Amino acid sequence: QLQPVESGGDVVQPGGSLRLSCSASGFSLDYYKIGWFRQAPGKEREGVSCISTDGGMTDYADSVRGRFITSRDNAKVYLQMNSLKPEDTGVYYCAADWNRYGTTCAIVPGYDYWGQGTQVTVSS
């Protein structure tokens, strides 16, 4: 069973940057498309971004477009977060879907494998 693991969450000041990583011990993410989601205190989980299996396509929620960048290499998937705002605070999750030859992705809740999340707090 694939178990994604997030890392990199921290407390940062507004306007700061943070990079999250997603990996899966004992498994390769090479054949999976990856979505990033977050849940702010008192709010429902929402989609943040996604990246296709081949890395050729990314998509972003309107709330983070232009500030966040998702990328991947052979080992990990990353979420670079810039110009952070207090409203970006929440638990961030990476989620994976088997998509061996996929060239597209979508920010939808139906990913099969989910990490346990990493806390991101943006506060002065």
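Residues numbered from 1 in each chain as written. Predicted model: local features only at pLDDT ≥ 70, side-chain atom pairs only at ≥ 80, totals over all residues. Heavy atoms only, no water.

**Q** Can you walk me through the overall build of the chain in this structure?
**A** Counting its regular elements, the chain contains 0 helices and 11 strands. Its helices and strands in sequence order give the chain the pattern β-β-β-β-β-β-β-β-β-β-β, from N to C terminus. For the chain, whose C-alpha radius of gyration is 13 Å, the value lies close to the compact-globule estimate of 14 Å for 124 residues. Principal-axis analysis of the C-alpha atoms places the extent of the chain at approximately 40 × 25 × 25 Å. (Helix = DSSP H or I, 4+ residues; strand = E, 2+ residues; numbered from the N terminus. Rg over C-alpha atoms; globule rule 2.2 N^0.38 Å.)

**Q** Would you mind going over the packing of aromatic side chains with me for this structure?
**A** In this description, an aromatic ring pair is defined by two values, namely the gap between the centres and the angle between the planes. Going through the model one piece at a time under the given rule, you end up with 6 aromatic pairs. Relative to Y111, the ring of F37 lies with its centre 5.6 Å away and its plane at 75°, an arrangement referred to as edge-to-face. Of this pair, F37 sits in strand β4 (residues 32-39) while Y111 sits in the loop between β9 (90-98) and β10 (113-114), and the two are 74 residues apart along the sequence. Side by side, F37 and Y111 carry an identical accessibility label, which is buried. With centroids separated by 6.5 Å and ring planes inclined at 70°, the aromatic side chains of Y93 and W114 adopt a geometry described as edge-to-face. One end of the pair, Y93, is in strand β9; the other, W114, is in strand β10, and 21 residues separate them in sequence. You can call W114 partly exposed: its relative accessible area is 23%. Through a chain of ring-to-ring contacts, three or more aromatic side chains come together here, namely Y31, Y32, W98 and Y113. (Phe/Tyr/Trp six-rings, centres within 6.5 Å; stacked < 30°, edge-to-face > 60°. Buried < 20%, exposed > 50% of the residue type's maximum accessible area, 1.4 Å probe, protein only.)

**Q** Whenever I open this one, the nonpolar core confuses me. Can you help?
**A** The tendency in soluble globular proteins is for nonpolar side chains to be buried side by side. Core analysis: the biggest nonpolar cluster contains 25 residues, and L20, I34, W36, F68, L79, M81 and Y92 have the highest contact counts within it. Going through the elements one at a time, β3 (18-23), β4, β5 (46-51), β8 (77-81), β9 and β11 (118-122) are the ones with two or more residues in this core. (Core = buried A, V, L, I, M, F, W, Y, C linked by side-chain atoms within 4.5 Å.)

**Q** Honestly, the pairing of β3 in this entry has me stumped. Any pointers?
**A** A regular strand places its side chains on the two faces of the sheet in alternate fashion. Pairing of strand β1 (residues 5-7) with β3, which is carried by 3 bridges, proceeds in the antiparallel orientation. The residue bridging E6 from the neighbouring strand is C22, located in β3. Strand direction decides the pairing type here: β3 and β8, joined by 5 bridges, are antiparallel. The residue of β8 that forms the bridge with L20 is L79. (Pairing = 2+ DSSP bridges.)

**Q** What's the story with the sheet that holds strand β7 (residues 68-72) in this structure? I'm lost.
**A** Strands in a sheet are paired, the pairing made by backbone hydrogen bonds, and the direction either parallel or antiparallel. Spatial strand order, β1-β3-β8-β7: 4 strands in an open sheet with antiparallel pairing. Edge positions in the sheet fall to β1 and β7, since each has one partner strand and no second. Averaged over all pairs of adjacent strands, the angle between their axes in this sheet comes to 20°, without regard to strand direction. (Axes fitted to C-alpha atoms, helices over the stretch in contact; angles between N-to-C directions.)

**Q** I would appreciate a short explanation of the environment of L29 in the present structure.
**A** Positionally, L29 belongs in the loop between β3 and β4. Through-space distance from the C-alpha of L29 to that of V77 is 8.2 Å; in sequence the pair is 48 residues apart. Once residues lying within four places of it in the same chain are set aside, the contact partners of L29 are L2, C22, S23, A24, I34, R72 and V77. (Contact = heavy atoms within 4.5 Å.)

**Q** What's the story with the side chain of T53 in this structure? I'm lost.
**A** Structurally, T53 is set in the loop between β5 and β6 (58-60). Judged by its relative accessible area of 8%, T53 is buried. A polar atom in the side chain of T53 sits 3.2 Å from the backbone nitrogen of K33. Dropping the residues within four chain positions of it, T53 is found in contact with D30, Y31, Y32, K33, R72, N99, R100 and G102. (Polar contact = N/O pair within 3.5 Å; in protein donor to acceptor, adjacent residues only side chain to side chain.)

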